[in-house]
Amino acid sequence: LGAMHLLMLPLMIVAMLLRRDEYAQDHGSHSPPRGVALPRAFAHFNRRFANPVVRRIAGRLPPFAIVGHAGRTTGRAYRTPVAAFAKGESMVFILVYGAHSDWVRNVVAADVATVTRFGRSEKYGDPQIARGEEAVGSVPTILRVPVRLLGVEVLRMTRAAV
């Protein structure tokens, strides 16, 4: 019996790794996962440690940008560092944590965000989540293979009229 208990933990870890997409989703919504999102633990690490560092260069050094948005319920102002790519009059954001991330939900709810790139801030609106081949076609050529393989979603927004 003791040997079985010792084997249980490694076997559970293997099972979880094989079914990673089920464990990586936001269980609060109980909706099936769309695409692949990085585990929420990684998002927590990024928010706490990486974002403060990236925030120092984001908005000035591509592909990093800052998305200014308001909280859905509090109205509090947030500034989230992201990877953003211009495509014509649109801005494309790769959603490595999925469309359920707070900043994405805030932007979609408000229908507007301020994007700071190259030291300039501009308003963008009409947020649209793209998946599958539509997402692949939205990103720069160098990112198409990873986006296709990982099934990552993207958020597209159009520059708002001033």
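Summary of the structure given here. (Residues numbered from 1 in each chain as written. Predicted model: local features only at pLDDT ≥ 70, side-chain atom pairs only at ≥ 80, totals over all residues. Heavy atoms only, no water.)

All right, on to the overall build of the protein chain then. A tally of regular secondary structure across the protein chain gives six helices and six strands. Counting the 162 residues in the protein chain, one finds 31% classified as buried. Taking all contacts inside the protein chain whose residues are at least 6 apart in sequence as the whole, residues at least 24 apart take part in 58%. For the protein chain, the exposed surface amounts to about 10400 Å²; the carbon and sulfur share of it is 63%. (Helix = DSSP H or I, 4+ residues; strand = E, 2+ residues; numbered from the N terminus. Buried < 20%, exposed > 50% of the residue type's maximum accessible area, 1.4 Å probe, protein only. Contact = heavy atoms within 4.5 Å. Areas by Shrake-Rupley, 256 points an atom, 1.4 Å probe, with all protein chains shown as cover.)

Right, let's get into the pattern of salt bridges. For the structure shown, the criterion picks out eight salt bridges. E89 is paired through a salt bridge with R159; the nearest N and O atoms lie 2.8 Å apart. Taken together, the positions of E89 in the loop between β2 (77-87) and β3 (90-95) and R159 in strand β6 (residues 153-159) put the pair 70 residues apart, joining distant regions of the chain. Take E89: its relative accessible area is 49%, and that puts it in the partly exposed class. Judged by its relative accessible area of 29%, R159 falls in the partly exposed class. The salt bridge partner of E122 is R159, with a shortest N-O separation of 2.9 Å. Remark: R159 occurs in strand β6 and E122 occurs in strand β5 (residues 120-130); sequence separation between them is 37 residues. One connected set of salt bridges, linked through shared partners, spans E89, R120, E122 and R159. (Salt bridge = Lys/Arg side-chain N within 4 Å of Asp/Glu carboxyl O.)

Once that is clear, we can look at the packing of aromatic side chains. Following the criterion strictly, the structure yields one aromatic pair and no others. On the numbers, 5.7 Å between centres and 75 degrees between planes, the contact of F93 with W103 is edge-to-face. Note that F93 is positioned in strand β3 and W103 in helix α4 (residues 102-110), a separation of 10 residues in sequence. In this pair, the class of F93 matches that of W103, namely buried. (Phe/Tyr/Trp six-rings, centres within 6.5 Å; stacked < 30°, edge-to-face > 60°.)

Okay, the environment of V53 next. Residue position: V53 is located in helix α3 (residues 40-54). Through-space distance from the C-alpha of V53 to that of P81 is 9.7 Å; in sequence the pair is 28 residues apart.

In this structure, F93 and W103 are the most contacted members of the largest nonpolar core, which totals 16 residues. Counting only elements with at least two residues in this core, the list comes to β1 (64-70), β2, β3, α4, β4 (112-117) and β6. V92, A130, A135 and V147 belong to the second-largest nonpolar core, a separate cluster that totals 10 residues. (Core = buried A, V, L, I, M, F, W, Y, C linked by side-chain atoms within 4.5 Å.)

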